[in-house]
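# Fold and geometry: a report
Here are the chains, one letter per residue:
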Amino acid sequence: GFPVTIIAGGSYKTADGTIKSYPSLFLDAVVMTVSQRKNIVKTPVFGRKGTFKEYISDGDYDVNIQGILHTQTREMPAEHVRVLKQICDAPTAIRVNSPFLELFDIYDLVIENYSFGQERAGKINTQTFEISCISDIPFVLVKE
């Protein structure tokens, strides 16, 4: 498998101007799936079966992250869950450092949705999660 994935700490400004921040998080038990769609315009042509296809561009990558947060003790990984929820709730792109995602030139993700699953009895020191994201390319706006 691939080495640890790191979600870098960051900050953002809320609507009322408050600065909120979240810490970095190391994820050492994740499985990721990367998929990509092409942006294609399909135009029906009168009297012809099918459509005329015109390639426009590559779409964003869809990234699905499934993983487990865990502790070495018999306690629930509550602090890890709190940090991951803070990251998932941030209304901004998230910086990631992942050897697997680097193969696709993915360094920033926008989280679309996430879920935490409750574990069965006897597995209190683990917490499953799933995060659905799309890749993001930072744009620098230059005022001329």
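Residues numbered from 1 in each chain as written. Predicted model: local features only at pLDDT ≥ 70, side-chain atom pairs only at ≥ 80, totals over all residues. Heavy atoms only, no water.

A separate point is the overall build of the protein. Within the protein one finds 2 helices and 9 strands. In the protein, the succession of helices and strands from N to C terminus is β-β-β-β-β-β-α-β-α-β-β. Expected size for 144 residues packed as a compact globule is a radius of gyration near 15 Å; at 19 Å, the protein overshoots this value by more than 25%. For the protein, restricting intrachain contacts to residue pairs at least 6 apart in sequence, the fraction spanning at least 24 positions comes to 58%. By element, 54% of the accessible surface of the protein is carried by carbon and sulfur atoms, the whole surface being about 10,200 Å². (Helix = DSSP H or I, 4+ residues; strand = E, 2+ residues; numbered from the N terminus. Rg over C-alpha atoms; globule rule 2.2 N^0.38 Å. Contact = heavy atoms within 4.5 Å. Areas by Shrake-Rupley, 256 points an atom, 1.4 Å probe, with all protein chains shown as cover.)

Spatially, 7 strands are ordered S4-S1-S7-S8-S9-S6-S5 in an open sheet, and the strand pairing comes out antiparallel. At either margin of the open sheet sits one strand with a lone partner, and together these are strand S4 (25–27) and strand S5 (30–44). Between one strand axis and the next, the sheet turns by 35° as a mean value, whatever way the strands run. When S5 meets strand S6 (residues 51–70), the two strands line up antiparallel, connected through 14 bridges. Across the sheet, Val30 pairs through a bridge with Gly67, a residue of S6. The sheet contacts of helix H1 (residues 78–89) involve strand S1 (5–7), S4, S6, strand S7 (94–97), strand S8 (108–117) and strand S9 (126–135), and relative to S8 the element is tilted by about 135°. (Pairing = 2+ DSSP bridges. Axes fitted to C-alpha atoms, helices over the stretch in contact; angles between N-to-C directions.)

In this fold, Thr126 is placed in strand S9. Using a relative accessible area of 14% as the deciding quantity, one classes Thr126 as buried. Non-local contacts of Thr126, meaning those with residues more than four positions away in its chain, are made with Ile68, Leu69, His70, Pro77 and Glu119. (Buried < 20%, exposed > 50% of the residue type's maximum accessible area, 1.4 Å probe, protein only.)

Our next topic: the side chain of Asp108. Relative to the elements of secondary structure, Asp108 occurs in strand S8. Among the polar contacts made by the side chain of Asp108, one reaches the side chain of Arg95 at a distance of 3.2 Å. In this view, Asp108 contacts Ala93, Ile94, Arg95, Val96, Ile134, Ser135, Asp136 and Pro138; residues no more than four positions away in its chain are not counted. (Polar contact = N/O pair within 3.5 Å; in protein donor to acceptor, adjacent residues only side chain to side chain.)

Moving residue by residue along a regular strand, the side chains alternate between the two faces of the sheet. Where S5 folds back on S6, the antiparallel hairpin that results is connected by 6 residues, among which Gly47 adopts a positive phi of roughly 80°. Sheet analysis places S6 next to S9, joined by 9 bridges and oriented antiparallel. Bridged to Asp62 within S9 is Ile134.

A few words now on the packing of aromatic side chains. What characterises a pair of aromatic rings is the spacing of the ring centres plus the angle enclosed by the ring planes. Enumeration according to the criterion identifies 3 aromatic pairs in this entry. Between Tyr61 and Phe104, the aromatic rings sit 5.8 Å apart at their centres with planes inclined by 65°, giving edge-to-face as the arrangement. A residue pair is termed long-range when its members are at least 10 positions apart, and Tyr61 in strand S6 and Phe104 in the loop between helix H2 (99–102) and S8 qualify at 43 residues. By relative accessible area, Tyr61 is classed as partly exposed at 21%. By relative accessible area, which is 29% here, Phe104 ends up partly exposed. Here the aromatic rings of Tyr114 and Phe116 are separated by 5.9 Å at their centres, their planes lie at 75°, and the arrangement is edge-to-face. Look at Phe116 and you get partly exposed, because its relative accessible area is 29%. An aromatic cluster is defined as three or more aromatic residues linked by ring pairs; in this entry it consists of Tyr61, Phe100 and Phe104. (Phe/Tyr/Trp six-rings, centres within 6.5 Å; stacked < 30°, edge-to-face > 60°.)

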